[in-house]
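# Examining the three-dimensional arrangement
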Amino acid sequence: AVVSTQSTGVFWILLSNFTYGTGIALNNIAAGNFHFHNLSHSGAVCNAYNSSVVGASEGDWGVWTNNTVPIYLVLLLFPLCCLKSATILSKFNSLGVVCIAMAVLFVLTKAFLWGVNITLTDATSIHYVAPAVVDFNKLTGTLTLSFFIHNAVVALVRNNRNAKNNKRDVTIAFVMVALTYGLVGLVFILTFPLAKDCISNVDSQLLFDNISLNDLMVFVAKIFQIFQLITVYPTVNFVLRSQLFLGIFKDPFCSYKHVIVFNILTILVCVLISIFYPRVGTVIRYVGSVAGLAYVFFFPCFVYLLHCYKNNKLTWYSAVGHGVIILLGLLNLATQPVTFSDH
């Protein structure tokens, strides 16, 4: 439950970042400071939140800062998280396809304006990307959280009218998500016109923060993402609440008192993460490696081996094989703080 709560913190970080940036852009529009950028770089920057941007104040507690926006969101999301059923939210989640399409269109448009800006051979170029790096441990930490968090899909499709199609539908969904993430990430790294280090050195570790706040497309894209996340977070919160309550109280809802206490605790964790450590990539891979060790590597193997042992079917090669899988999960967790390469 603790790991699941931390994973929902990622959604709060994303929503806080997009809301914060949109607020700054609206302030710039009102002040007459919103202007189109030089098309030579088409809005590409190393960090959208810098001192040259009007209204971009980080690290303080003013009216509209990256520290206060996560608190404001409580007023909007807390009532939604108290809903007894996620039916209404799941209907709005279908609009997420439009939001994703907007994000893909945004990246493809930028790629067209930028052109290809990458070299695999000239190490002195700002566009240099090493052909291969050994820091795959960061990717495996991220992937294990992706696998873990998507188990929420099982809870959402459990009561579908045609349950026999669930396996097919979930498979299609996973493939489409993988293609979308892969396309956006690959195209962006191939075409980003500034130093590639700028992409990873943004404090929030978010792709949108490598585009100027005065960019009209990123402004529209963030608004779409805000609407999507307003429905996604309560839905994920509902799944987490239902699974926890069902396991403890045998009732997915119990009472509003239980729900309110649960929401206070989970949202408090999310707000604290968003304020004090809003680095999406790092949170994802650390939480993912912990969740993956438990739910992907350890418990499935342990339960299977225990079942075989009780039925006198346990063999040495099965024990060794599943032990290796658990060991991989431990290595995945242990290597997250380690950086093997400078690239």
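Turning our attention to the overall build of the protein chain. A count of helical and extended segments in the protein chain gives 12 helices and 0 strands. In sequence order, the secondary structure elements of the protein chain are arranged as α-α-α-α-α-α-α-α-α-α-α-α. Of all 343 residues assigned to the protein chain, the portion counted as buried reaches 42%. Summarising the internal contacts of the protein chain: among those between residues at least 6 apart in sequence, 79% fall at separations of at least 24. Surface exposure of the protein chain reaches about 18600 Å², of which carbon and sulfur atoms provide 71%.

Okay, helix 12 (residues 316–334) next. Count 3.6 residues to each turn of an α-helix, and residues three or four apart come out pointing the same way. Here helix 12 is 19 residues long and its end C-alpha atoms lie 26 Å apart, about the 27 Å a rise of 1.5 Å per residue gives. Residues of helix 12 that are buried: S318, H322, I326, G329 and N332. The buried residues of helix 12 all sit within an arc of 110 degrees when viewed along its axis, so they share a single face. Away from the buried face of helix 12 by more than 90 degrees, exposed residues W316, Y317 and A334 are located.

Applying the stated criterion to the full structure yields 1 disulfide. Between the sulfur of C46 and that of C198 lies a disulfide, 1.7 Å long from S to S. On the criterion of sequence distance, the pair formed by C46 in the loop between helix 1 (2–30) and helix 2 (69–81) and C198 in helix 8 (residues 197–201) is long-range, its members being 152 residues apart. With a relative accessible area of 39%, C46 lands in the partly exposed category. You can call C198 buried: its relative accessible area is 7%. Sulfur of C82: no disulfide; nearest cysteine sulfur belongs to C81 and is 6.9 Å away. What makes C82 buried here is its relative accessible area of 13%.

Moving on, we get to the packing of aromatic side chains. A full pass over the atoms with the stated rule returns 13 aromatic pairs. Pairing F253 with Y256 gives two aromatic rings, centres 4.9 Å apart and planes at 85 degrees, and the pair type is edge-to-face. Exposure remark for F253: the relative accessible area of 9% places this residue in the buried category. Overall, Y256 belongs to the partly exposed group, its relative accessible area being 48%. Stacked on the ring of F253, the Lys or Arg K84 has its end atom at 5.3 Å from the ring centre.

Our next topic: the packing of helix 4 (residues 96–114) against helix 9 (residues 216–249). At a minimum axis distance of 9 Å, the contact between helix 4 and helix 9 shows a crossing angle of 155 degrees. Taken as axis vectors, helix 4 and helix 9 run roughly antiparallel relative to one another. Judged by the sense of rotation from one axis to the other, the crossing of helix 4 with helix 9 is left-handed. Contacts between helix 4 and helix 9 pair G96, V98, C99, I100, M102, A103, L105, F106 and T109 from the former with M217, V218, V220, A221, F224, Q225 and Q228 from the latter.

Next up on the list: the side chain of N263. Here N263 is to be found in helix 10 (residues 256–276). On the accessibility criterion, N263 (0% relative accessible area) is buried. Apart from residues no more than four positions distant in its own chain, N263 is found in contact with F78, C81, C82, N237 and L268.

Quick look at the nonpolar core now. Across soluble globular proteins, you tend to see nonpolar side chains buried next to one another. Core analysis: the biggest nonpolar cluster contains 49 residues, and W12, F192 and Y233 have the highest contact counts within it. Elements with a contribution of two residues or more to this core: helix 1, helix 2, helix 4, helix 7 (166–191), helix 8, helix 9, helix 10 and helix 11 (280–310). Looking at this core, the element that brings in the most residues is helix 1, giving 9 residues. Those residues in contact with Y233, other than ones at most four positions away along the chain, are T8, F11, W12, L77, C81, T266, I267 and C270. By size, the runner-up hydrophobic cluster in this structure holds 6 residues, among which are L240, F253, V259 and F262.

Where helix 2 contacts helix 9, the axes come no closer than 9 Å and their chain directions differ by 45 degrees. As far as their axial angle goes, helix 9 and helix 2 are oblique. With respect to the hand of their crossing, helix 2 and helix 9 are arranged in right-handed fashion. In this structure, helix 2 uses L76, L77, L80 and C81 to contact helix 9, whose residues at the interface are I230, Y233, P234, N237 and R241. Split by residue class, the contact of helix 2 with helix 9 holds 7 nonpolar, 1 polar and 1 charged.

With that settled, consider helix 7. Over its 26 residues, helix 7 runs 37 Å from end to end, which matches the ideal 38 Å to within 8%, given 1.5 Å per residue. Buried within helix 7 are the following residues: N166, V170, V184, V187, F188 and T191.

The backbone of K250 shows a phi angle near 65 degrees, a positive value even though the residue is not glycine. Looking at where K250 falls in the secondary structure, it is placed in the loop between helix 9 and helix 10. With relative accessibility at 66%, the residue K250 sits in the exposed group. Positive phi values are uncommon outside glycine, yet N312 reaches one of about 55 degrees. Along the chain, N312 turns up in the loop between helix 11 and helix 12. Relative accessible area serves as the criterion here: at 72%, N312 is assigned to the exposed category.

Thresholds, definitions, all that
- Residues numbered from 1 in each chain as written.
- Predicted model: local features only at pLDDT ≥ 70, side-chain atom pairs only at ≥ 80, totals over all residues.
- Heavy atoms only, no water.
- Helix = DSSP H or I, 4+ residues; strand = E, 2+ residues; numbered from the N terminus.
- Buried < 20%, exposed > 50% of the residue type's maximum accessible area, 1.4 Å probe, protein only.
- Contact = heavy atoms within 4.5 Å.
- Areas by Shrake-Rupley, 256 points an atom, 1.4 Å probe, with all protein chains shown as cover.
- Expected span 1.5 Å × (residues − 1).
- Arc of directions from axis to C-beta.
- Disulfide = S-S within 2.5 Å.
- Phe/Tyr/Trp six-rings, centres within 6.5 Å; stacked < 30°, edge-to-face > 60°.
- Lys NZ or Arg CZ within 6 Å of the ring centre and 35° of its normal.
- Axes fitted to C-alpha atoms, helices over the stretch in contact; angles between N-to-C directions.
- Parallel < 35°, antiparallel > 145°, perpendicular 65-115°, else oblique.
- Left-handed = near helix turned anticlockwise from the far one by under 90°.
- Core = buried A, V, L, I, M, F, W, Y, C linked by side-chain atoms within 4.5 Å.
- Nonpolar A, V, L, I, M, F, W, Y, C, P; charged D, E, K, R; others polar.

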